[in-house]
Amino acid sequence: MLGIEKKKTAFLYCIADGQFGTIKIDQKRLVIGNSHNSDINLDGEWIGSKLAIVGRSSANGFYFQSVSDKHIWINGVYRDANTHLELRDRDCILIMNKEFSNWLILWFRLNIEEIETKWTKVSYSEAARLLPMKWHQHDKKWYICPQFIDNRVFVNKQIITDTTEISLGTTVKTESICGIFTPGCFYYEALAAQSADEFNAEPGQVTSFGRGTLSIDINERTVGSFFKKRTILRDIHIDICSGQMVLILGGSGAGKSTFMNAVIGYEKASGSITYEGRPLDDLRKNENAIGFVPQDNIVREGDTVGNAIRNAAQMKLPETIQRDPAEFNRRIQHTLEIMGLKEKEKSMISKLSGGEKKRVNVAAEYIGNPLLFFLDEPDTGVDPAQDEIMMRSLRSIADEGKIVMMITHTPDRGIDYYDKVIVIAKNREKQCGELAFFGTKEKAWSFFERHSFEEIVKVLNDEKEDHSSAYVRKYQKLNPGREGIQ
Amino acid sequence: MNRASWIRQLGIYTWKSFRQLFYEKKWTVLISTLVIDLLLLLVLNRDKMFVEYMDTRTGLFAIACACIWIGLFNSVQSICRERETVKHEHMMSNLSLSAYICARLVYEAVICFFEAILTGSVMLLYFNEAVHNSIFAPFDLFISLWMLIFAADSCGILISSISKTPEMAMTIMPFVLIVQLIMSGFIFELKGITKAVSMITISKWGMRTLCVCCKINQYPPEEIKSYEYGIYHQNIAEYSTGGARIFFLWFVLLLFVTIFSALSVLALQFVDKDKR
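Residues numbered from 1 in each chain as written. Chains lettered and ligands numbered in written order. Predicted model: local features only at pLDDT ≥ 70, side-chain atom pairs only at ≥ 80, totals over all residues. Heavy atoms only, no water.

So, the overall build of chain A
Filter applied, for reference: Only runs of H or I of at least four residues qualify as helices and only runs of E of at least two qualify as strands under DSSP, and these elements are numbered from the N terminus. Only protein chains enter the accessibility calculation, which uses a 1.4 Å probe. A residue is then buried if its area is under 20% of the maximum for its type, exposed if over 50%, and partly exposed in between. Note on areas: Shrake-Rupley, 1.4 Å probe, and residue coverage restricted to the protein chains presented here.
Looking only at helices and strands, chain A has 11 helices and 30 strands in total. The 486 residues of chain A split such that 58% are buried. Entry remark: accessible area of chain A is about 21,100 Å², with carbon and sulfur atoms responsible for 47%.

Comments concerning the confidence of the model for chain A
What counts, and what does not: Scored from 0 to 100, pLDDT reflects the predictor's confidence in each residue. Whether two residues touch is decided by their heavy atoms; if any such pair falls within 4.5 Å, the residues are in contact.
Overall, the prediction assigns chain A a mean pLDDT of 81, with 89% of residues at 70 or greater. Low pLDDT, under 50, characterises residues 1–5 of chain A; the predicted model gives this stretch four contacts beyond four residues in sequence or across chains.

Quick notes on the interface of chain A and chain B
What counts, and what does not: Each of two parts loses accessible area, computed with a 1.4 Å probe, when they are put together; buried area is these two losses added. By salt bridge we mean one thing: a side-chain nitrogen of Lys or Arg within 4 Å of a carboxyl oxygen of Asp or Glu.
Taken together, the contact pairs 36 residues of chain A with 29 residues of chain B. In total, chain A and chain B occlude about 3,000 Å² of area from one another, counting both sides; carbon and sulfur atoms represent 45% of this. Of all residues in chain A, Y266, R300 and M315 of chain A give up the largest surface area on contact with chain B, accounting jointly for 30% of the area buried on that side. Applying the counting rule to chain A against chain B returns three salt bridges. When the shortest N-O distance is used, the salt bridge between E82 of chain B and R300 of chain A registers 3.0 Å.

Observations concerning the packing of helix α3 (residues 53–75) of chain B against helix α7 (residues 166–182) of chain B
All names here are of chain B. Applicable threshold: Angles shown run from 0 to 180 degrees and are taken between the N-to-C directions of axes, each axis being a line fitted to C-alpha atoms and, for helices, limited to the stretch in contact. Any angle that is under 35 degrees is reported as roughly parallel, and any over 145 degrees as roughly antiparallel; angles of 65 to 115 degrees are reported as roughly perpendicular and all others as oblique. Each helix crossing is assigned a hand: it is left-handed if the near helix lies turned anticlockwise from the far helix by less than a right angle, otherwise right-handed if that turn is clockwise. Amino acids are sorted into nonpolar (Ala, Val, Leu, Ile, Met, Phe, Trp, Tyr, Cys and Pro), charged (Asp, Glu, Lys and Arg) and polar (every other residue, Gly among them).
Two elements in contact, α3 and α7, have axes whose closest approach is 11 Å; the angle formed by their N-to-C orientations is 160 degrees. Here α3 lies roughly antiparallel to α7, going by the angle between them. At the point where α3 passes α7, the crossing takes the right-handed sense. Each of F61, C65, I68, W69, L72 and F73 in α3 lies in contact with α7, whose residues at this interface are M170, M173, V176, L177, Q180 and L181. Of the residues contributing to the contact of α3 with α7, the split by class is 11 nonpolar, one polar and no charged.

Structural notes on the nonpolar core
For clarity, the cut-off: To form a nonpolar core, buried Ala, Val, Leu, Ile, Met, Phe, Trp, Tyr and Cys residues must be joined to one another through side-chain atoms within 4.5 Å.
L214, F259, M405 and I422 of chain A are the most contacted members of the largest nonpolar core, which has 89 residues in total. Residues L41, F150, A152 and M207 of chain B belong to the second largest nonpolar core, which totals 77 residues.

Overview of the packing of aromatic side chains
Let me state the cut-off plainly: To pair, rings of Phe, Tyr and Trp, with the six-membered ring standing in for Trp, must have centres within 6.5 Å; the planes then decide the type, stacked if under 30 degrees apart, edge-to-face if over 60, and tilted in the middle. Charge over a ring is defined by NZ of Lys or CZ of Arg lying within 6 Å of the ring centre and within 35 degrees of the ring normal.
A complete count under the given rule lists 31 aromatic pairs over all chains for this structure. Taking the centre distance of 4.4 Å and the plane angle of 20 degrees together, the rings of F61 of chain B and F186 of chain B count as stacked. Pair noted here: F61 of chain B is in helix α3 and F186 of chain B is in the loop between α7 and α8 (192–198), with a separation of 125 residues, a long-range link. Accessibility classification places F61 of chain B together with F186 of chain B in one group, the buried group. Among the aromatic residues, ring-to-ring pairing joins Y124, W142, F181, F186 and Y188 of chain A into one connected group. Stacked on the ring of F447 of chain A, the Lys or Arg K474 of chain A has its end atom at 4.5 Å from the ring centre. Directly above the ring of Y13 of chain B sits K16 of chain B, whose terminal nitrogen or CZ lies 5.6 Å from the centroid.

What to know about the pattern of salt bridges
A side chain with one charge can pair with a side chain of the opposite charge if their charged atoms come near. If you walk through the whole model with that rule in mind, you get 23 salt bridges over all chains. For R221 of chain A, the salt bridge identified is with E267 of chain A, shortest N-O distance 3.0 Å. Taken as a pair, R221 of chain A in strand β21 (residues 213–224) and E267 of chain A in the loop between α2 (256–264) and β24 (270–275) lie far apart in primary sequence, 46 residues in all. With respect to class, R221 of chain A is no different from E267 of chain A; both count as buried. Where R300 of chain A meets E89 of chain B, a salt bridge forms, and the shortest distance between an N and an O atom there is 2.8 Å. With R300 of chain A in the loop between β26 (290–293) and α4 (305–316) and E89 of chain B in helix α4 (residues 83–92), this pair bridges two chains.

Observations concerning the sheet that holds strand β4 (residues 40–41) of chain A
Strands in a sheet are paired, the pairing made by backbone hydrogen bonds, and the direction either parallel or antiparallel. Residue and element names in this part refer to chain A. Worth spelling out the cut-off: Strand pairing requires that DSSP identify at least two bridges connecting the strands.
Within the open sheet, the five strands sit side by side as β4-β3-β5-β6-β9. Their pairing is mixed. Two strands in the sheet have a free side with no partner beyond their single neighbour: β4 and β9 (84–86). The pairing of strand β3 (residues 30–33) with β4 spans two bridges and is parallel. Counted as the bridge partner of I32 is I40 from β4.

Quick look at the domain arrangement of chain A
Residues and elements named next belong to chain A. Condition: Reported domain spans reflect what an automatic or database domain assignment gives.
Partitioning chain A into domains gives domain 1 (9–111), domain 2 (120–191) and domain 3 (213–478). The centre of domain 1, based on its C-alpha atoms, is set 38 Å off from the matching centre of domain 3. Every contact between the two is made by four residues of domain 1 and, on the other side, five residues of domain 3. Across the interface of domain 1 and domain 3, roughly 480 Å² is buried in total on both sides, 48% from carbon and sulfur atoms.

Side note on α3 of chain B
Here is the rule: What a helix is expected to span follows from its residue count: subtract one and scale by 1.5 Å.
Helix length check: α3 of chain B, at 23 residues, gives a terminal C-alpha distance of 34 Å against a target of 33 Å (1.5 Å per residue), a fit within 8%. With 18 of 23 residues buried, α3 of chain B lies mostly within the body of the structure.

A short note on the environment of I246 of chain B
Residues and elements named next belong to chain B. Structurally, the position occupied by I246 is in helix α10 (residues 245–268). Separated by 106 residues in the primary sequence, I246 and D140 place their C-alpha atoms 8.4 Å from one another. Once you skip the residues sitting within four places of it in the chain, I246 turns out to touch S144, T209, V212 and C213.

A look at the packing of helix α7 (residues 354–366) of chain A against helix α8 (residues 384–399) of chain A
Residue and element names in this part refer to chain A. At their nearest, the axes of α7 and α8 sit 12 Å apart, and the two run at 15 degrees to each other. Taken together, the axes of α7 and α8 lie roughly parallel to each other. As α7 packs across α8, the resulting crossing turns out to be left-handed. When α7 is examined against α8, the residues R359, V362 and Y366 are found in contact with a partner set consisting of Q386, M390, S393 and I397. Within the contact of α7 with α8, the residues separate by chemical class into four nonpolar, two polar and one charged.

Now the structure itself:
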C-alpha cells in the first residue's frame, strides 16, 4: 500500500542553429531565457529574458510552460502562446520568433542516462534520401508518404499511411532517424547508433514511436474449485503492435470476454501479459495506462454526465493538466463532444437511454487517454451515426500509436477501422476457447471463406456442424507465428 | 505513479456521495427516521419514562435499538450495490479503498448527525425537561445518539463491504440485529462467553451511553413485582455518571467506528477477486 516511487530522470536537449546543449530537469521550476538570472541560459536576443519554464511537477511528471509570445509547435502541432504541456518522452518543441527568422528546438527525453547525441543539419533534398518515403513538391509545399506498406513512419507522433504535408515543426520518426523540419532544413538524430536499451523506455512514452508491443501469452484460464476445475480458455500466444485496432470475434460463449478480462487482469489466467516487457498489471496500477469499458455499466447512475466525466478525469489525468483549469475543461468538453454527450452534460445518467449510458462509460475511460484501450461491446444500444463517431475516435486513439481492442456484435459496422482480427472459437473436443485465427481482416475472410465478419460468427455459432474445432485445428496447422497471418 | 492523491480521492468521493443524496433523493431516509421515532412514541410511556427506573431503562433500550436499526439501514446496501463500479475503479483508476471508505464515513456521519438531531428533538419535545438534567443538556444527548447511530452505520458499511450483492447484505443484517438485541445485556442476564460477546456489541455500549447520559441512576428502582418483567435489577456501576464516563463511552463507540471501517477496507481488498 505504501509504495516508494522511483524518480525518473529527464533531459532537455536544446538545438539552435547548429548549436547543441543538454539540461537535466531536476527541479520544480527552471526558467529558460537569455538573462544571466535564467536557470537555462541561451544565447540570442530574440529569446528574451523569460522564454519558457520547464520543471518537475511530480516524481514522474514533467511540464513545459510557455511564457512568451513566440510561435510554438509541439510535435508539429501549432499551439497558442502561454501553452502548458505535460511532457512525454521524445516530445519535440519548436519555438520561433514572430518574424520566423530565429528558432530553437527543445527535445525532451525521459528516464535515461544522459546520452551523447549528435544532431545533423541537412537540406530537404538530402532529407529525401535519408527518409524511406516518397517525396513530391507542389505549390512550393513538400509532401511525403511511406514507400512501403510495412514502413512504420511516424509524423508528428502518428503513423502515416497517406500523403502528408510537411510544414514547419513537423517531426518525423523512422526506424533509424528522428528529426524535425525547420525553415529550409531538416535536423535529425541517427538512431541506429544508439543502444537498444534506449527504446525500452516507460510504456506510454516510447510507444508513440512504434516500439510498443503487447505480448499476450495465455496458457490456461480455469474456473471451479480445486477438485473440479474446468478450462475455459487456453493457448493464446500473440503479439499486437502499437497503432493497431484489433477486433475480437467469436461465437457465443467462446471466451471473448474471458480473453479480454484475462489480458487486462480482471480475471487471472496462467501465462503472462506484457507490454514492452512490462507486466500489464504494473502498467495498470502505476501508469493509469489502460482503459477498459466492460459490458456492464460502470458509472454511477445517481449523478450527471458532466460530473461523472469530470470525476473520471480527476482520477485519471495527471496533476499538471488538472492544475490548468482551461486545459482540464477543454479535455472534458472535447470528450463530451467526441462521444456526442455535449447536450447531455447536465442530464442524470439514470435518465439516459442504454446507448447513451454506454457512451458515458466509454467517455469515462477515454478521458484518461489510455495507452491500451479495451472495450467489451461498447456499441450496444448505440445508433449507427454515434457508433461511427465513436469508431473514428477509437481509430484516432490507435493512430496515436496506442492499441485498441474491441469486442462487438456488429463487427461489420466499423469494418474499415480494424487492422487485425482475433477469432476465438470453442474447441468442442476440449470444451474450451482457443485461438481460431489472428491476422488481418482480408486474410480472415479468405481463411474462413466468408465475405463478412458476421458470416464468420454465424458459422462459428453453428452447433450442428462443428466448424469451430476445425478452424482451431486449421489455424494451429498453419502456425503463422505471434503476429498472425498478414 | 500516476494517480490522484488520497486526499483528492477523499474529496471526489465525498462530494459524489452528497450529490447522490440530492439527485437520488436519499434525504428521504430522514423521513423514515422520523417515522421510526414516531412509532417509538406510541409505545413509550410518557408518564413513567424519565420518572421511574425500569420504564426509563426499557424506553432507552427501545431508542437504542431504533438507533441501531436506523444506522444499519443507512449503509447496509451502499457499497455492495456498486461493487462492480468499485472493482472497476480500484483496478482501472487506482481508487484507494481507504479513501473510498473514509469518504463514505464522512457522508454517513453527516446523515447520522441529522438523524440524531431528529431523534433527539423528538425525544426532547415529547418528554420535555424530564429527559435529563445536566450542564451539557441537550448536547450530550444529541452526541450520544449521533455516536450510536454512526457506530451502527459503520457496522452497516462493514456488512456492505463483505457482501457481494444487496441480497446478501439484507440476509446478513437480521443476524447482526438479533445479536445486538439478545447480547445487549438488557433482555437476558449474561454470563461467561455470552457476557464476553456482549462487550463487542454496539447495543451494550449504546445502551450504557444513553443511560449514563440520561442519568438513569437518579430514578428510584422499583421492585420486581411479577415475572412479566423478567429483567434483572439495575446495575448501578454500569450507569454511574462519575467523572468523564460519558466521554469514555463516546470513545468506545468511536472505536467501533474505527474498527468497523478498518475491517471494511480489508474486506474490500477482495473486490478484485470477484468473478463474473
